[in-house]
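Take a look at the letters that make up each chain.
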Amino acid sequence: MKLSVDGVARRHAPGFQLGPLSVAVDRGEWLGIVGPNGAGKTTLLRIMAGTEPPDVGRVRYDERALAQMGPVARSHARAVVPQRLTLPFDLSVASVVELGRLSHLPWGERLLPLASAERILVEACLEQTDTWGLRDRSFRTLSGGEQQRVLLAMALAQGAPLLLLDEPTASLDPGHARQFLELVGTLVADGHTVVMAHHDLTTVAQACSSVLLLADGQVEAYGGVDEVFQPEPLSGVYRTPLGVMPHPVTGRPLVFHRQ
Amino acid sequence: MAAGRRLALAGLALLASITAGVAHGPTALSLATVLSVLVHPTSHLASVIVWQIRMPRVMAAALVGAGLAASGVAMQALLRNPLADPYIVGASAGAGLGAVLTATVVGALVPAGAFVGALVAVAATYAVARSRGQVQTLTLILAGYALGIMLAAVQTFILLLHQHSLATVFSWEAGSIHGMTWTPVGLAALLILPAALLLVPLTPAMNALLLGDEAASHLGVHVSRLQLLLLALASVMTAAAVYLSGLIGFVGLVIPHVVRRLTTADHRQLLPLAILWGAAFLILADTLSESVPGVGTVPVGLLTAVLGGPYFLWLLVRTQRQGVVF
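The following paragraphs examine the structure supplied in this document.

Criteria and thresholds
- Residues numbered from 1 in each chain as written.
- Chains lettered and ligands numbered in written order.
- Predicted model: local features only at pLDDT ≥ 70, side-chain atom pairs only at ≥ 80, totals over all residues.
- Helix = DSSP H or I, 4+ residues; strand = E, 2+ residues; numbered from the N terminus.
- Rg over C-alpha atoms; globule rule 2.2 N^0.38 Å.
- Buried ≥ 20, exposed ≤ 12 C-beta atoms within 10 Å, placed from the backbone.
- Contact = placed C-beta atoms within 7 Å.
- Axes fitted to C-alpha atoms, helices over the stretch in contact; angles between N-to-C directions.
- Parallel < 35°, antiparallel > 145°, perpendicular 65-115°, else oblique.
- Left-handed = near helix turned anticlockwise from the far one by under 90°.
- Nonpolar A, V, L, I, M, F, W, Y, C, P; charged D, E, K, R; others polar.
- Expected span 1.5 Å × (residues − 1).
- Pairing = 2+ DSSP bridges.
- Core = buried A, V, L, I, M, F, W, Y, C linked by C-beta atoms within 7 Å.

A count of helical and extended segments in chain B gives 14 helices and two strands. The C-alpha radius of gyration computed for chain B amounts to 20 Å, which stays within 12% of the reference 20 Å derived for 326 residues, consistent with globular compactness. Along the longest, intermediate and shortest principal axes, the C-alpha atoms of chain B span 60 × 55 × 35 Å. Here chain B holds 326 residues, and the buried ones make up 52% of them. In chain B, of all internal contacts separated by at least 6 residues, the share reaching a separation of at least 24 is 75%.

Now for the overall build of chain A. Scanning chain A from terminus to terminus reveals ten helices and twelve strands. Computed over its C-alpha atoms, the radius of gyration of chain A comes to 19 Å, within 12% of the 18 Å expected for a compact globule of 259 residues. Taking the principal axes of its C-alpha atoms as reference, chain A extends roughly 55 × 40 × 35 Å. When burial is assessed residue by residue, chain A has 42% of its 259 residues classed as buried. In chain A, the share of contacts with a sequence separation of at least 24, taken over all contacts with a separation of at least 6, comes to 66%.

Residues and elements named next belong to chain B. Closest axis-to-axis distance for the helix α5 (residues 110-129)/helix α6 (residues 137-161) pair is 9 Å, and the angle between their directions is 130°. Classified by the angle between their axes, α5 and α6 sit oblique to one another. Of the two possible hands of crossing, α5 and α6 adopt the one that is right-handed. Here A121, A124, T125, V128 and A129 of α5 lie close against α6, whose contacting residues are T139, L140, A143, G144, L147 and L151.

What follows is about the interface of chain A and chain B. With 23 residues of chain A at the contact, the number on the chain B side is 24 residues. For the side of chain A that touches chain B, the secondary structure elements donating two or more residues are α2 (71-77), β6 (78-81) and α4 (107-110) of chain A. A class-by-class count of the residues in the side of chain A that touches chain B yields 15 nonpolar, five polar and three charged.

Further remarks concern helix α12 (residues 251-262) of chain B. Residues and elements named next belong to chain B. With twelve residues, α12 should cover 16 Å at 1.5 Å per step; its first-to-last C-alpha distance of 16 Å lies within 8% of that length. Among the twelve residues of α12, ten are classified as buried, and the element is accordingly described as predominantly covered. Taken together, the buried positions of α12 are V251, G252, L253, V254, I255, P256, H257, V258, V259 and R260.

All names here are of chain A. Strand order in the open sheet formed by four strands is β2-β1-β4-β5, and the pairing between neighbours is antiparallel. Across the chains shown, the open sheet's two edge strands, defined by having one partner strand only, are β2 (17-25) and β5 (64-65). The sheet contact formed by strand β1 (residues 3-11) and strand β4 (residues 56-61) spans five bridges and is antiparallel. Paired with A9 across the strands is V56, a residue of β4. On the sheet, helix α1 (residues 41-49) packs against β1, β2 and β4 and is oriented at approximately 125° with respect to β1.

On to the nonpolar core, then. Judged by nonpolar contacts, the single largest core of 182 residues is most densely connected at A:V97, B:A70, B:A240 and B:A274. No other element matches helix α3 (residues 45-79) of chain B, which puts 18 residues into this core. B:A240 has contacts with B:G67, B:F115, B:A188, B:L191 and B:I192, leaving out every residue within four places of it along the chain.

Put into structure tokens, the structure is as follows:
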């Protein structure tokens, strides 16, 4: 599915405005959104998800205007992996992941245990994210990284062609972070469309096919990884001297502090 | 334990408490007599006592317990807050003011005044907390709190001017099901039972709501509509319960917690279990409140606190020791 953001702007509390900006992400593409704290990364993701409407401009999923789609149609088109969630009560990991199927089930079936085809799908999502062993644990008792993997499993269970990820590997250890990114990579290769806001520039450079660099709500650079990841504009935007060299294995940009 | 067994156990507990409720009373009737007139109503005194005096009271207790427990489950899911109870968004203060206004101005119809007051107060809280079609749950709690304090102040002021109504209002606020007849029970049943049934299909979406409003909407839940439905159904049940019995505390807060701790937080099971246990618990509490040794009849609202409070504290301490987080 193609995600198009056309001339979108959103004014927040005095002194901050996101955009106007336009972005397009085609199927099989993985866009990274980077920028300093408060640059508007999360706001842009929320607008892309339809969580927050833009003041001007519009978002389209293929040719459908997002503003015209209801909650169920949206949930079939895109899944969101938030930075974190807190639950007030103990729900099991399996119940949380099963919620990904909620909008796919007819009303009568929602009250019953999952039918076998649905259960197999949910179990596959648990296995893919290495959370199968956690399925009977309470979500609240998991570590931050484990919770993040469960949230990815829930998003996968939604079966949506567009995935929006907000700092998805922020609390993952290096092993699970790599596993997470490889999994998203296979989804992209299968034709999913992925947008990921992230702080780790080197991770974005290895994983993504294109990058949007935001600062103060405005686009500083937008294009391929090699175009955007140059000492300038990175150093200016982050107000710290940054250098770029080719990664010894992948050859993609590796960002480092010059001092 | 499987879902079916849990439901069967709760259903049996409810049947047992109904039987205990109608078998117990100031007039001694043997269990055999009670069971026989339950199956074959006659015109004998025993049958009149069971069907016209004890049964309305037992059914009122069942309805109030079920309604408050279901309302508590809905409010705790809606507000994602373990401290939420059926009265949290202004229902109790509204009911109190409604009761005082009818007691002082009309001189009768206190339950009806309480019913209307509860609904109006919740609607007002919702109207204040709603902006651009969305309701922030924290705003809802704070607005309910502020409105509650204002309404309570007005209530106190009116009571000061009409001190002769103090006794009526005070005994109403303590919560009692004494001297119940079939007509109000039937009216309340017409509100509580359909509202509880309408909650059932909402339980899967209530699970999603535990993840937060935004995550629920990402999963395809129409959040603002769900919020309005939960608030409306919970308030109708609360108002109907208040209409029957005055302000009975504790049941709506604690029954959902106890059931959740002993079984599951999955609303598909939690709601029916809380309804059955809430009804069974209040019947039992009401039966015991009939004849407290040395005191006679006390308001059932007092007994729910005295009975349930220590048990809930014990459950808190026990599950805390098992490492379960609240």
